[in-house]
Amino acid sequence: MKVSIIIPVYNVAPYIEQCLLSVIAQTCQDEIECIIVDDCSTDGSRSICEHIISAYEGKIHFHTISKKKNEGLSSARNSGLEVAQGEYVYFLDGDDWIEPDFVERCIDCAVKNGSDIVAC
């Protein structure tokens, strides 16, 4: 697996479904793991994530981490980094989404240029 997508989740219920569906729609699913870090959401964000993941039957490897207390965005991202297995890491906020070929284009750019980092 080449890319670990880390999604910190804190009270993003109106947006998290679109975010996760954009990950699920990626064209290179066998290259992705998605790490969802629930930072003690109180608005049902976690339930939405669990529902989407339980219905998913594709090749993306999903992991969920539940923080014991809310520690903020940086801590949530670091928790995801601790378990990430990918060669590359992408931080995707829970209220954002990516285009279906986003990861594929980033991997292609990194491989073509021998890059350690791809900025976009």
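Residues numbered from 1 in each chain as written. Predicted model: local features only at pLDDT ≥ 70, side-chain atom pairs only at ≥ 80, totals over all residues. Heavy atoms only, no water.

Chemist: Can you break down helix α2 (residues 45-55) residue by residue, with the values?
Modeler: By the burial criterion, the buried members of α2 are Ser 45, Cys 49 and Ile 52. One side of α2 carries all its buried residues, which in axial view fall inside an arc of 70°. Exposed residues on α2 whose side chains face more than 90 degrees from its buried face are His 51, Ser 54 and Ala 55. Among the structural elements, β1 (3-9), α1 (16-24) and β2 (32-38) are those in contact with the buried residues of α2. (Buried < 20%, exposed > 50% of the residue type's maximum accessible area, 1.4 Å probe, protein only. Helix = DSSP H or I, 4+ residues; strand = E, 2+ residues; numbered from the N terminus. Arc of directions from axis to C-beta. Contact = heavy atoms within 4.5 Å.)

Chemist: So what's going on with the sheet that holds strand β3 (residues 61-66)? Residues and values would help.
Modeler: Spatial strand order, β3-β2-β1-β4: 4 strands in an open sheet with parallel pairing. The open sheet is flanked by β3 and β4 (88-91), the only strands paired with a single partner. Neighbour-to-neighbour, the strand axes of the sheet open up by a mean angle of 20°, direction not taken into account. The pairing of β1 with β2 spans 7 bridges and is classified as parallel. Looking across to β2, one finds that Ser 4 is bridged to Glu 33. Here helix α4 (residues 102-113) sits on the sheet in contact with β1, β2 and β4, set at roughly 135° to β1. (Pairing = 2+ DSSP bridges. Axes fitted to C-alpha atoms, helices over the stretch in contact; angles between N-to-C directions.)

Chemist: How would you summarise the state of the cysteines if you had to cite specific residues and measurements?
Modeler: Tallied over the full model, the rule gives 0 disulfides. Looking at the unpaired Cys 34, the closest cysteine sulfur is the one in Cys 19, lying at 7.2 Å. Of the residues examined, Cys 34 reaches a relative accessible area of 0% and is grouped as buried. Free of any disulfide, Cys 109 has its nearest neighbouring cysteine sulfur in Cys 106, separated by 7.3 Å. Residue Cys 109 is classed as partly exposed on the basis of its relative accessible area, which comes to 33%. (Disulfide = S-S within 2.5 Å.)

Chemist: So, the packing of α1 against α2: which residues are in play, and what are the values?
Modeler: Packing of α1 against α2 leaves a shortest axis separation of 10 Å and a crossing angle of 30°. Taken together, the axis directions place α1 and α2 in an arrangement best described as roughly parallel. When you trace α1 past α2, the crossing you get is right-handed. Across from Ile 16, Glu 17, Leu 20, Leu 21 and Ile 24 in α1, the residues of α2 making contact are Ser 45, Ile 48, Cys 49 and Ile 52. (Parallel < 35°, antiparallel > 145°, perpendicular 65-115°, else oblique. Left-handed = near helix turned anticlockwise from the far one by under 90°.)

Chemist: So what's going on with the side chain of Gln 26? Residues and values would help.
Modeler: With respect to the helices and strands, the residue Gln 26 is situated in the loop between α1 and β2. Judged by its relative accessible area of 3%, Gln 26 is buried. Of the polar contacts made by the side chain of Gln 26, one reaches the backbone oxygen of Glu 99; its length is 2.8 Å. At a separation of 3.0 Å, a polar atom in the side chain of Gln 26 contacts the main-chain amide nitrogen of Val 103. (Polar contact = N/O pair within 3.5 Å; in protein donor to acceptor, adjacent residues only side chain to side chain.)

Chemist: Run through the nonpolar core, naming residues and quoting values.
Modeler: Counting residues in each nonpolar core, the largest one holds 27 residues, and the members touching the most others are Ile 5, Ile 7, Ile 16, Leu 20, Val 23, Phe 62 and Val 103. Among the elements of the structure, β1, α1, β2, α2 and α4 are those that each provide at least two residues to this core. Ignoring sequence-local partners within four residues, the contact set of Ile 7 consists of Ile 16, Cys 19, Leu 20, Val 23, Cys 34, Ile 35, Ile 36, Val 37, Leu 92, Asp 93 and Gly 94. Among the nonpolar cores identified, the runner-up in size contains 5 residues, and Ile 35, Val 37, Ala 76 and Ala 84 belong to it. (Core = buried A, V, L, I, M, F, W, Y, C linked by side-chain atoms within 4.5 Å.)

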